[in-house]
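# Fold and contact review
Read off the chains here:
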Amino acid sequence: MTLVVIAFGLLGLVGLQMRLQSSEMESYQRSQALLLLNDMASRMAVNRSNIATYATGAPVTSPLGAGMTCPTAVSTVVERDLKEWCDALQGAGETETGGAKVGVMLGGRGCIQAVTGGVEYLVTVAWQGLSPVSAPPSSIACGKDSYNMTGSSCTNDACRRVVTTLVRVATL
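So, here is what we can say about the structure in this document. Worth saying up front: this structure is predicted, and the values here are computed from it rather than measured.

## A short note on the nonpolar core
In summary, soluble globular proteins display a tendency toward joint burial of nonpolar side chains. If you look at the biggest cluster of nonpolar residues, it comprises 25 residues, and the most contacted ones within it are Met44, Trp85, Ile112 and Val125. Elements represented by at least two residues in this core include exactly helix H1 (2–46), helix H2 (77–89), strand E3 (120–128) and strand E4 (160–168). The biggest single contributor to this core is H1, with six residues. Not counting residues within four places of it along the chain, the set of residues in contact with Met44 comprises Ile51, Tyr54, Ile112, Tyr121, Val123 and Val167. Cys111, Ala126, Ile140 and Val162 belong to the second-largest nonpolar core, a separate cluster that totals seven residues.

## Quick notes on a nonpolar patch on the surface
A cluster of nonpolar side chains, contributed by Ile6, Leu10, Leu13, Leu16 and Leu20, occupies part of the molecular surface with about 490 Å² of accessible area. Among the structural elements, Ile6 can be located in helix H1. The class of Ile6 is partly exposed, set by a relative accessible area of 44%.

## Looking at the packing of H1 against H2
The N-to-C vectors of H1 and H2 enclose an angle of 180°; their axes lie 11 Å apart at closest approach. With respect to H2, the element H1 is oriented roughly antiparallel. Mapping the contact onto sequence places Leu36, Asp39, Met40 and Arg43 in H1 and Arg80, Asp81, Leu82, Glu84, Trp85, Ala88 and Leu89 in H2. Tallied by class, residues from the contact of H1 with H2 come to six nonpolar, no polar and five charged.

## Observations regarding the state of the cysteines
By definition, a disulfide links the sulfur atoms of two cysteine residues through a covalent bond. Counted under the stated rule, the structure contains three disulfides. Each sulfur of the disulfide joining Cys111 and Cys142 lies 2.2 Å from the other. One quick way to see it: the torsion about the S-S bond of Cys111 and Cys142 is about 75°, and its sign makes the bridge right-handed. Taken as a pair, Cys111 in strand E2 (residues 109–116) and Cys142 in the loop between E3 and E4 lie far apart in primary sequence, 31 residues in all. There is a disulfide in this structure between Cys154 and Cys159, and the S-S distance comes to 1.8 Å.

## Focus: the pairing of E2
Across two bridges, the pairing between strand E1 (residues 64–65) and E2 is antiparallel. Bridging across to E2, Gly65 finds its partner in Arg109. With seven bridges joining them, E2 and E3 adopt antiparallel strand pairing. Note on E3: the bridge partner recorded for Gly110 is Val125. The loop that links E2 with its antiparallel partner E3 comprises three residues; one of these, Gly117, has a positive phi angle of about 25°.

Rules of the game
Residues numbered from 1 in each chain as written. Predicted model: local features only at pLDDT ≥ 70, side-chain atom pairs only at ≥ 80, totals over all residues. Heavy atoms only, no water. Core = buried A, V, L, I, M, F, W, Y, C linked by side-chain atoms within 4.5 Å. Buried < 20%, exposed > 50% of the residue type's maximum accessible area, 1.4 Å probe, protein only. Helix = DSSP H or I, 4+ residues; strand = E, 2+ residues; numbered from the N terminus. Contact = heavy atoms within 4.5 Å. Patch = residues over 30% accessible without salt bridge, like charges linked within 9 Å, V, L, I, M, F, W, Y side chains within 5 Å. Areas by Shrake-Rupley, 256 points an atom, 1.4 Å probe, with all protein chains shown as cover. Salt bridge = Lys/Arg side-chain N within 4 Å of Asp/Glu carboxyl O. Axes fitted to C-alpha atoms, helices over the stretch in contact; angles between N-to-C directions. Parallel < 35°, antiparallel > 145°, perpendicular 65-115°, else oblique. Nonpolar A, V, L, I, M, F, W, Y, C, P; charged D, E, K, R; others polar. Disulfide = S-S within 2.5 Å. Pairing = 2+ DSSP bridges.

If you want it as structure tokens, here you go:
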């Protein structure tokens, strides 16, 4: 009888440990996304005279990051900023021996949209969560339907995670 009780207790501890590791990974990914989000918002604020050229286009079809081809031109500050942000979204900060980029969130993508006629810009970072939760608001289109997995509980954007910030440009 004692062995049965100990076995159930150990199984409970193993389950708890697995949940803790999953929560730790989710937290790590969120902190990485916030760092990348703040990085781009700062770059845009510093280069406010050219802020309109930071927009990445349609957030669903042309984000920067995982699965996308990063810009290669670096002749302007905006081009360099977008290239570096795209590389960072793909995980270029840390690579494996084989050259695979592994230094950031799973499937990290970034979008920059003009919201209010050249005065406000919505910067968004999206990534793949580990377990389903409620989907982000439909008004946040970055990465929409990119993280659904057939045959799993990750459907209807339940595993898509996003963080956003609004960059406002003052007229000086």
